[in-house]
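Structural overview
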Amino acid sequence: MILSLNHDALVIGGGIAGSALAIQLAEAGRHCVVIEKAKTTQHKVCGEFLSPETLPLLRRAGIHPENLGAQTIHSLRIVAREMLAEITLPSKALSLTRRTLDEALLERAKQAGANILRGFTVERLLPPADEESRGLWRAKITNASHISMYISGSEAFLATGKHDLRGWQRQTNRSQNSLVALKMYFRLSPEQSAQLAGNVELIFYPGGYAGLQPVEGNAANLCALISREKLRSMGSRWDRLLEYMRLQSPHLERRLTGAESLLGRPLTLSSIPYGFSVESSFGTESPWRLGDQAAVIPSLCGDGMGIALHTARRAAELYLRGKSAAVFHDEVRHQFGRRLYFSTLLSRAIVAMPALAHITRVWPSALSDIFAATRVPGASIHTETLGMRC
Ligand SMILES: Cc1cc2nc3c(=O)[nH]c(=O)nc-3n(C[C@H](O)[C@H](O)[C@H](O)COP(=O)(O)OP(=O)(O)OC[C@H]3O[C@@H](n4cnc5c(N)ncnc54)[C@H](O)[C@@H]3O)c2cc1C
């Protein structure tokens with residue numbers, strides 16, 4: 001690869017949002033580079049549920065998850081100690097491991113003509129007004145051998161997900177950031193695997209909740225959230241958390257009986273700023289913020305990847321029409337503000353009072369209403385299309 005040091009667009013982070021943006025910019029003939037710190041695609045802390053709203057956005061980016069081994073998900077089950085309700089999704093959802101999906105997106109960006117720099121971390125991002133920048137955005141990038149260089153671009157796009165770049169931290173003080181996420185793959189017993197097939201299960205327990213669903217390779221993804229204090233009271237130990245969740249939910253206990261862990265230890269993530277949305281950037285020099293850098297929706301909505309793809313798409317469209325990052329950020333705040341507020345309120349309430357999940361027994365449409373209110377704009381689920389089974 002011949003690396004040019006000046007680009008139309010510097011895309012920082014080659015996850016969902018960064019790759020999707022690069023695909024669109026490269027297809028429009030823009031000279032862009034994606035800088036991704038991981039040399040090879042890694043497992044990520046994620047429930048890996050591709051909602052019905054996410055699928056068209058992925059297909060528009062040229063990704064067809066079914067061809068990559070994605071599993072079909074047709075129903076959502078709400079579980080506390082036992083199953084409370086089952087909702088048939090209005091159209092099918094899928095599940096696919098992030099390792100497979102992120103690799104496919106990066107590969108697609110490369111095919112579209114983007115330069116992909118893997119194994120380089122952006123250490124600093126200097127705005128055009130900086131005296132060292134000469135009117136361009138400049139990024140200092142370093143690899144594992146401590147080789148550093150600067151690359152520059154007319155615009156910079158921040159798609160670093162949950163990782164904040166030094167000097168460009170998100171203002172997350174009003175978010176729900178007291179939860180820790182832990183993810184493990186399991187091989188379930190054949191009987192439990194058959195019972196889980198086609199379903200995503202949302203399991204509530206005091207102090208948090210977990211998602212369980214099948215993924216490719218005959219595996220099941222258990223992605224759990226738990227309050228920091230509760231995890232601390234368990235000595236921050238995965239085995240004790242697992243024991244706690246199994247005790248709280250006989251349903252989960254049955255699912256995991258005879259199951260084999262597929263990773264040496266769980267992947268973890270803390271300080272997730274649920275409810276964050278990008279602040280106004282009018283009058284300031286700001287990079288364009290995409291994906292989790294723009295908005296973080298509680299995991300129980302299963303729509304973070306949809307938001308990453310949607311923000312990437314809108315950023316590309318507005319950039320190509322000559323609009324500013326501030327206009328884009330304003331749009332994101334307007335589109336997602338209400339959804340984020342509402343879903344974060346729900347997430348806080350359910351973590352504090354998991355018994356709230358029992359509302360689905362007496363008021364099943366509560367769930368469909370919540371889902372309709374938290375969807376990616378332009379692809380809303382209409383509540384009347386949800387078939388309910390309790
Ligand atoms: C517990 C949990 C469960 C979830 N479950 C779901 C779900 O089931 N369905 C769903 O749709 N969403 C889910 N999400 C949300 C989803 O994972 C995120 O919203 C989505 O990954 C955001 O995409 P992104 O591109 O913004 O960030 P990411 O996908 O995290 O990508 C960011 C990339 O930037 C790179 N990077 C970071 N810093 C630098 C740097 N300095 N230099 C270079 N590269 C850098 C990283 O290596 C990474 O590859 C979940 C999130 C959590 C926490």
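Cut-offs and rules
For every chain, the first residue of the written sequence is number 1, and numbering continues from 1 along that sequence. For a predicted model such as this one, the threshold for reporting local features is a pLDDT of at least 70, and the threshold for listing and counting side-chain atom pairs is 80 or more; totals across whole chains, interfaces and linings nevertheless cover every residue. Derived side-chain values reflect all non-hydrogen atoms in the structure, with water molecules and hydrogen atoms excluded from consideration. For salt bridges, the criterion is a side-chain nitrogen of Lys or Arg within 4 Å of an Asp or Glu carboxyl oxygen. By definition, any uninterrupted DSSP run of H or I lasting at least four residues is a helix, any uninterrupted run of E lasting at least two residues is a strand, and each is numbered from the N terminus. When a residue's accessible area, from a 1.4 Å probe over protein chains only, is under 20% of the maximum for its type it is buried; when over 50% it is exposed; and in between it is partly exposed. If even one non-hydrogen atom of a residue comes within 4 Å of a molecule or strand, that residue is called near it. Polar contact criterion, stated in full: a pair of N or O atoms within 3.5 Å, where within protein one must be able to donate a hydrogen and the other to accept it, and residues adjacent in sequence count only if both atoms are side-chain atoms. Surface exposure here means Shrake-Rupley accessible area, sampled with a 1.4 Å probe, where a residue is shielded only by the protein chains that are shown. Among the buried residues, those of types Ala, Val, Leu, Ile, Met, Phe, Trp, Tyr and Cys that are joined through side-chain atoms within 4.5 Å form a nonpolar core. Residue contacts are defined here by distance: any two heavy atoms, one from each residue, within 4.5 Å place the two residues in contact. A fitted line through C-alpha atoms serves as each axis, taken over the contacting stretch for helices, and the angle formed by two N-to-C directions is quoted from 0 to 180°. Two helices that cross are described as forming a left-handed crossing if the nearer one is turned anticlockwise from the farther one by less than a right angle, and a right-handed crossing if clockwise. Each residue gets one label: Ala, Val, Leu, Ile, Met, Phe, Trp, Tyr, Cys and Pro are nonpolar, Asp, Glu, Lys and Arg are charged, and the others, such as Gly, are polar. What pLDDT conveys is the predictor's confidence in a given residue, as a value from 0 to 100.

1. Points about the pattern of salt bridges
Inspection of the entire model under this criterion finds 17 salt bridges. Glu201 serves as the salt-bridge partner of Arg77, at 2.7 Å between the closest nitrogen and oxygen. Linking Arg77 in strand 4 (residues 71-79) with Glu201 in strand 11 (residues 199-205), this pair joins segments that are 124 residues apart in sequence. Since its relative accessible area comes to 12%, Arg77 is described here as buried. As a salt-bridge pair, Glu317 and Arg314 come within 2.6 Å of each other at their nearest N and O atoms. Here Glu317 and its partner Arg314 are both found in helix 8 (residues 304-320), three residues apart, which amounts to about one turn of the helix. Salt bridges sharing partners connect three or more residues here, namely Arg77, Glu86, Glu201 and Arg255.

2. Side note on the site of the ligand
Taken together, 36 residues are adjacent to the ligand, and Ala17, Glu36, Gly47, Arg98 and Asp292 come closest. A distance of 2.9 Å separates a nitrogen atom of the ligand from a polar backbone atom of Phe49. The side chain of Lys162 places a nitrogen or oxygen atom 2.9 Å from an oxygen atom of the ligand. Burial of the ligand by the surrounding chains reaches 94%, relative to a free accessible area of 1,000 Å². Of all the elements in the fold, those that place two or more residues in the shell around the ligand are helix 1 (16-27), strand 2 (32-36), strand 7 (120-126) and helix 8.

3. Regarding the nonpolar core
Of all hydrophobic cores here, the largest spans 81 residues; its most connected members are Leu21 and Leu101. The element contributing the most residues to this core is helix 8, with nine residues. Among all residues touching Leu101, those that are not within four sequence positions of it are Ile16, Leu50, Leu58, Ile63, Leu96 and Met305. Listed in part, the 28 residues of the second largest apolar core include Met184, Phe186, Leu196 and Ile203.

4. Here we look at the packing of helix 1 against helix 8
When two helices pack together, their arrangement is given by the angle between their axes and by how far apart the axes lie. Two elements in contact, helix 1 and helix 8, have axes separated by 8 Å at closest approach and are oriented at 35°. Between helix 1 and helix 8 lies a crossing whose hand is right-handed. Along the contact surface, helix 1 presents Ile16, Ala17, Ala20, Leu21, Gln24 and Leu25, while helix 8 presents Met305, Ala308, Leu309, Ala312, Arg313, Ala315, Ala316, Glu317, Tyr319 and Leu320. Residue composition of the contact of helix 1 with helix 8, by class: 13 nonpolar, one polar and two charged.

5. Focus: the confidence of the model for the protein chain
Looking at the protein chain, the pLDDT average stands at 90 and 91% of residues meet or exceed 70. Note on residues 379-390: pLDDT is under 50 here. Beyond four places in sequence and across chains, it has 27 contacts.

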